[in-house]
Amino acid sequence: MIKRRELQECGHLFEYLSHPSVFPFVRQKATSAEEFLFMTKQLMEEEERGEVISRTITDDYGMPIGTINLYDIQDQAGFLGTWIGQPFQGKGYNLKAKNLFLEELFYQHEINTVFLRIKKHNEKSIRATEKLAYTMNAKDSHPTLFEEINAGEHQYELYQIPKDLFYLSTAASRFTEEEEQAM
């Protein structure tokens, strides 16, 4: 479902990234497969330095269909960036990948807060984010950060996922899984 990034999957991922329903919402705006390869190589180097955490989202057959990343890591917090190829949207991959990635961030990398910066006109992502039991609107709790991300030409909504809320929201499902495995 998620795995460490590999350079050989860049060509495949670029096809999905360049789709008009995906491209406007991605952070790495590569205009060619070669440029995407170069950007991915840089991203992998940034991960080695602890500046970012990046994973490939795979389908049920292990084929790459998107990416999920934590950018701008500092003070045990960072910004989540996710995209899924158009043919795979609305099929549950985003939620599964997000839950696995958040578990990794909170329990293996000691991240305490994950922020989501979503363009105000990206209604699909806003609706999906607001459905998650572990997300909170961060406009009022982090007004300085909210102003900072909206200082440019684009306007954003700001959400946060605190480690505690994620743990509490997902504890019931973890307990049920453990109980089923014990039987």
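Above this text sits the structure in question.
Only a predicted model underlies this, so the values are computations on that prediction, with no experimental measurement involved.

Observations concerning the overall build of the protein chain
- When its secondary structure is counted, the protein chain shows six helices and seven strands.
- Ordered by position from N to C terminus, the α and β elements of the protein chain give β-α-α-β-β-β-α-β-α-β-α-β-α.
- Relative to the globule expectation of 16 Å for 183 residues, the C-alpha radius of gyration of the protein chain, 16 Å, shows essentially globular dimensions.
- The principal-axis extents of the C-alpha atoms in the protein chain amount to approximately 45 × 45 × 35 Å.
- Taking all 183 residues of the protein chain together, the buried fraction comes to 42%.
- Long-range contacts, defined here as pairs at least 24 residues apart, represent 60% of the contacts in the protein chain between residues at least 6 apart.
- Counting only carbon and sulfur atoms, one obtains 51% of the accessible surface of the protein chain, whose full area is about 10,500 Å².
- Charged side chains of the protein chain number 20 positive and 29 negative; the gap between the two group centres comes to 4 Å.

So, the nonpolar core
- Counting 35 residues, the largest nonpolar core has F36, W83, L102, L105, V114 and I161 as the members making the most contacts within it.
- Contributions of two or more residues to this core are made by α1 (10-17), α2 (33-48), β2 (53-58), β3 (64-74), β4 (77-84), α3 (93-108), β5 (113-119) and β7 (156-162).
- The element best represented in this core is α3, accounting for six residues.
- Every residue in contact with I161, bar those within four places of it in the chain, is listed here: L102, F106, N112, T113, V114, L116, Y134, T135 and F166.
- Residues A138, F146, I149 and L158 belong to the second largest nonpolar core, which totals nine residues.

With respect to the pairing of β4
- Counting buried positions along β4 gives seven out of eight residues, so the element sits mostly inside the fold.
- Linking two consecutive strands that pair antiparallel, namely β3 and β4, is a turn of two residues; a positive phi of about 55° is found at D75 within it.
- Pairing between β4 and β5: four bridges, direction parallel. Bridging across to β5, F79 finds its partner in F115.
- What joins β4 to β5 is α3, and the crossover it makes is right-handed.

Section: the packing of α1 against α2
- Running from N to C, α1 and α2 point in directions that differ by 115°, and their axes come no closer than 9 Å. In terms of orientation, α1 lies roughly perpendicular with respect to α2. Crossing geometry of α1 relative to α2 is assigned as right-handed. Contact residues: C10, L13, F14 and L17 in α1; A33, F36, L37 and T40 in α2.
- Of the residues in the contact of α1 with α2, the class split is seven nonpolar, one polar and no charged.

What counts and how
- Residues numbered from 1 in each chain as written.
- Predicted model: local features only at pLDDT ≥ 70, side-chain atom pairs only at ≥ 80, totals over all residues.
- Heavy atoms only, no water.
- Helix = DSSP H or I, 4+ residues; strand = E, 2+ residues; numbered from the N terminus.
- Rg over C-alpha atoms; globule rule 2.2 N^0.38 Å.
- Buried < 20%, exposed > 50% of the residue type's maximum accessible area, 1.4 Å probe, protein only.
- Contact = heavy atoms within 4.5 Å.
- Areas by Shrake-Rupley, 256 points an atom, 1.4 Å probe, with all protein chains shown as cover.
- Lys, Arg positive; Asp, Glu negative; His and termini not counted.
- Charge placed at Lys NZ, Arg CZ, Asp CG, Glu CD.
- Core = buried A, V, L, I, M, F, W, Y, C linked by side-chain atoms within 4.5 Å.
- Pairing = 2+ DSSP bridges.
- Right-handed = clockwise from strand over helix to strand, strands pointing away.
- Axes fitted to C-alpha atoms, helices over the stretch in contact; angles between N-to-C directions.
- Parallel < 35°, antiparallel > 145°, perpendicular 65-115°, else oblique.
- Left-handed = near helix turned anticlockwise from the far one by under 90°.
- Nonpolar A, V, L, I, M, F, W, Y, C, P; charged D, E, K, R; others polar.

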